[in-house]
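Structure at a glance
Each chain, written out:
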Amino acid sequence: MAAAMLVACNQTNDETSSFMDLARTRFAVREYAQTPVEQAKIDSILEAGRLAPTAKNVQPQHIYVLQSPEAIAKINELTRCAYHAPVVFLVCYDTDLAWTKDGESSGNMDCSIVGTHMMLEATELGLGTCWVKWFDAAEVAKAFELPANHKPSFIMPCGYAAEGVQPHANHFSRKPLSETVTYK
């Protein structure tokens, strides 16, 4: 069974891009068309997040899908960085579940891994996203009446990019590996 899964994972499909192509294609979208996002695509993005690894596999993430006109209006009032996207994922972690060692919680790290899976799946599906931390977490928690143990980590606006949207000029500026990697 495991061997069959490994073979399946190593097979390529002409209809899908390689991981490196996907990583190169993704960019932060800050202007969205008001085209609704299909529920099947939202479900696929959420499933990609569900499959993400987390510390000790405790899966402390809790994702709120903001998509009603009221929820979108509310998040746009709380941050200018929701960009009026038709869907905004509010990614939180459960403080009661997140693994803690030496007083440090894995919650934000776990949410980051989950969010990366979601962001890349959205890109694969032809959608744009933007990773946003520009908001007051306490205000967001209060406005959306989150349980006390659900701590907002970030929001991820999601939708079809508006016509003509291009990556920011600095998107393509990447340091060489020699500046970011040290072998010992």
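As a reminder, the structure under discussion sits directly above these lines.
The structure reproduced in this document is the subject of the present report.

Rules behind the numbers
Residues numbered from 1 in each chain as written. Predicted model: local features only at pLDDT ≥ 70, side-chain atom pairs only at ≥ 80, totals over all residues. Heavy atoms only, no water. Helix = DSSP H or I, 4+ residues; strand = E, 2+ residues; numbered from the N terminus. Rg over C-alpha atoms; globule rule 2.2 N^0.38 Å. Pairing = 2+ DSSP bridges. Patch = residues over 30% accessible without salt bridge, like charges linked within 9 Å, V, L, I, M, F, W, Y side chains within 5 Å. Areas by Shrake-Rupley, 256 points an atom, 1.4 Å probe, with all protein chains shown as cover. Salt bridge = Lys/Arg side-chain N within 4 Å of Asp/Glu carboxyl O. Buried < 20%, exposed > 50% of the residue type's maximum accessible area, 1.4 Å probe, protein only. Arc of directions from axis to C-beta. Contact = heavy atoms within 4.5 Å. Expected span 1.5 Å × (residues − 1).

Attention now moves to the overall build of the protein. Secondary structure summary: the protein contains 7 helices and 6 strands in total. Mapped in sequence order, the helices and strands of the protein form the string α-α-α-β-α-β-β-β-α-β-α-β-α. Here the C-alpha atoms of the protein give a radius of gyration of 18 Å, agreeing with the 16 Å that 2.2 N^0.38 yields for 184 residues. When the backbone C-alpha atoms are referred to their principal axes, the protein occupies close to 50 × 45 × 40 Å.

To continue, consider the sheet that holds strand E5 (residues 128–129). The antiparallel open sheet is built from 4 strands, whose spatial order is E1-E2-E6-E5. The strands lining the two open edges of the sheet, one partner per strand, are strand E1 (61–66) and E5. Taken together, the 8 bridges between strand E2 (residues 87–94) and strand E6 (residues 150–159) define a ladder with antiparallel strand orientation. The residue of E6 that forms the bridge with valine 88 is proline 157.

This brings us to a nonpolar patch on the surface. Judged by side-chain polarity, Leu177, Val181 and Tyr183 come together as a nonpolar surface patch covering roughly 390 Å² of accessible area. A relative accessible area of 34% means that valine 181 is categorised as partly exposed.

Taken as a whole, this structure holds 2 salt bridges when the rule is applied. One salt bridge in this structure joins arginine 50 and glutamate 47, with 2.7 Å as the shortest N-O distance. A residue pair is termed a helical-turn pair when its members lie 3 or 4 positions apart in one helix, as arginine 50 and glutamate 47 do in helix H3 (residues 39–50) at 3 residues. With relative accessibility at 48%, the residue arginine 50 sits in the partly exposed group. What makes glutamate 47 partly exposed here is its relative accessible area of 32%. The partner of lysine 101 in a salt bridge is aspartate 102, with the nearest N and O atoms 3.5 Å apart. The exposure class assigned to lysine 101 is partly exposed, which follows from its relative accessible area of 44%. By relative accessible area, aspartate 102 is classed as exposed at 73%.

Every buried residue of helix H4 (residues 69–78) is accounted for by Ala71, Ile72, Ile75 and Asn76. The buried residues of H4 occupy an angular sector of 130 degrees when projected down its axis, which confines them to one face. Looking at H4, the residues exposed on the side facing more than 90 degrees away from the buried face are Pro69, Glu70 and Glu77. In this structure, the buried side of H4 is in contact with E1, E2, helix H6 (137–143) and E6.

Let's shift gears to helix H5 (residues 107–124). Look at H5: 26 Å from first C-alpha to last across 18 residues, which is about the 26 Å you get at 1.5 Å a residue. When we look at burial in H5, the residues that qualify are Gly107, Asp110, Cys111, Val114, Gly115, Met118, Met119, Leu120, Ala122 and Thr123.

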